[in-house]
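# Summary of structural features
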Amino acid sequence: MPYVKVKELLAMGKKNNACVLAFDAADINMIKSVIKGAETAGRPVIVMLYPGMRNIMPFGVFAEVTRYYAERASVPVGLHLDHCSDFDMILEAIHEGFPSVMADGSVLPFEENAAFTKKVVEVARNFDVDVEGELGHVGTAADSDEFSRKEFFTRPDEVREFVEKTGVTSLAVSFGSAHGLYKSTPKLDINHLKTLSAATDIPLVLHGGTGIPDDQLAQAFSNGINKINIGTEFFNLNTRLNQEFYAQDFSKADPFGFPEYIQPRLTEYIAGRLELSKIVL
Ligand SMILES: [Zn+2]
């Protein structure tokens, strides 16, 4: 079943009126734990690489490692390149084996964003690679309270035009979330989301999944969000577990013991978060 296209996973989400969870990972412990957590929960999952992390594992290594474990998994696993606004880097990731990429032109004006995204889709199509675009702008929570500012929200009237012009497989939209850690509890605008999902048939994506209360996530998932990106929460846990392990009695902090220490704890977190995904396999 194992290594499947992100497009198929999102279709599964859409059919179930539910959401596929996607986690950013950076190293082999994180990749293995995402897949193992999905097996424990019996849910599909998407492993993502944020391009800035490719100094830990280059594109090709990350793709091969994920594929290796995905092919041996008991649940469907997808692989996706998170936020990238650099055309050449996206091409590099595709050549190195990424079957799904995000073309993020969200800081550009509408026409430039559409042109950039379309250019990526045209190339990606030749390699049967899925493309996620972004319309509106999901900002950074630490910068300000910009996640609640409606001028950054995706406009429903632009959604249809953007999807038609670019041919994207899925679309990240903005309706009240932000990347990183929120200063105060975010409030997703579910009514706004409804207007966005009414404007298109393609799966919509929620970014900035760390810190949004579960009841709000459940509402988003039953109103058109078929993929959610979770990064900060997982990375913070990974960092804390590293600190804990190496702060122990040094004789215990051996390289053989580390994977045994960290992987079950990361796996438990992933399996717990995957309870949010109601996808029935
Ligand atoms: Zn994002």
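Residues numbered from 1 in each chain as written. Predicted model: local features only at pLDDT ≥ 70, side-chain atom pairs only at ≥ 80, totals over all residues. Heavy atoms only, no water.

Around the zinc ion, the protein contributes the donor atoms His 83 (NE2), His 179 (NE2) and His 207 (ND1), which lie 1.9 to 2.1 Å from the metal centre. As a motif over one chain, the donors of the zinc ion read H-x95-H-x27-H. Taken together, the residues His 83 in the loop between β3 (77-81) and α4 (87-95) and His 179 in the loop between β6 (170-173) and α7 (190-198) connect sequence positions 96 residues apart. What makes His 179 partly exposed here is its relative accessible area of 22%. (Donors = N, O, S within 2.8 Å, 3.2 Å for Na, K, Ca; no water. Helix = DSSP H or I, 4+ residues; strand = E, 2+ residues; numbered from the N terminus. Buried < 20%, exposed > 50% of the residue type's maximum accessible area, 1.4 Å probe, protein only.)

The next subject is the layout of surface pockets. Gaps left between atoms are located by rolling a probe of water-molecule size over the structure's atoms. Quantified by volume, the largest pocket comes out at close to 330 Å³. Mapped by element, the contributors of at least two residues to the lining of the largest pocket are β8 (225-230) and α9 (232-247). Partitioned by chemical class, the residues of the lining of the largest pocket number four nonpolar, ten polar and three charged. (1 Å grid on protein atoms, 1.4 Å probe; cavity = no way out; pocket = protein on both sides within 12 Å on 5 of 7 lines; lining within 4 Å. Points joined across faces, edges and corners; volume = space filled by probe spheres on them. Nonpolar A, V, L, I, M, F, W, Y, C, P; charged D, E, K, R; others polar.)

What follows is about the UniProt feature "binding site: Zn(2+) 1" (unreviewed entry) in the protein. Using the residue numbers shown here, the UniProt feature "binding site: Zn(2+) 1" (unreviewed entry) corresponds to His 83, His 179 and His 207. Across 125 residues of sequence, these annotated residues stay compact in space, with a maximum C-alpha separation of 11.5 Å. Filtering the just-named annotated residues for those lining the largest pocket gives His 83, His 179 and His 207. Inspection of the secondary structure puts His 207 in the loop between β7 (204-206) and α8 (214-221). Classification of His 207 as buried rests on a relative accessible area of 0%. Those residues within four positions of His 207 in sequence are excluded, and the remaining contacts are Asp 82, His 83, Met 102, Glu 132, Glu 134, Val 138, Ala 172, Ser 177, Ala 178, His 179 and Asn 229. Among the polar contacts made by the side chain of His 207, one reaches the side chain of His 83 at a distance of 2.9 Å. (UniProt positions renumbered as here; feature names shortened; annotations may be inferred. Contact = heavy atoms within 4.5 Å. Polar contact = N/O pair within 3.5 Å; in protein donor to acceptor, adjacent residues only side chain to side chain.)

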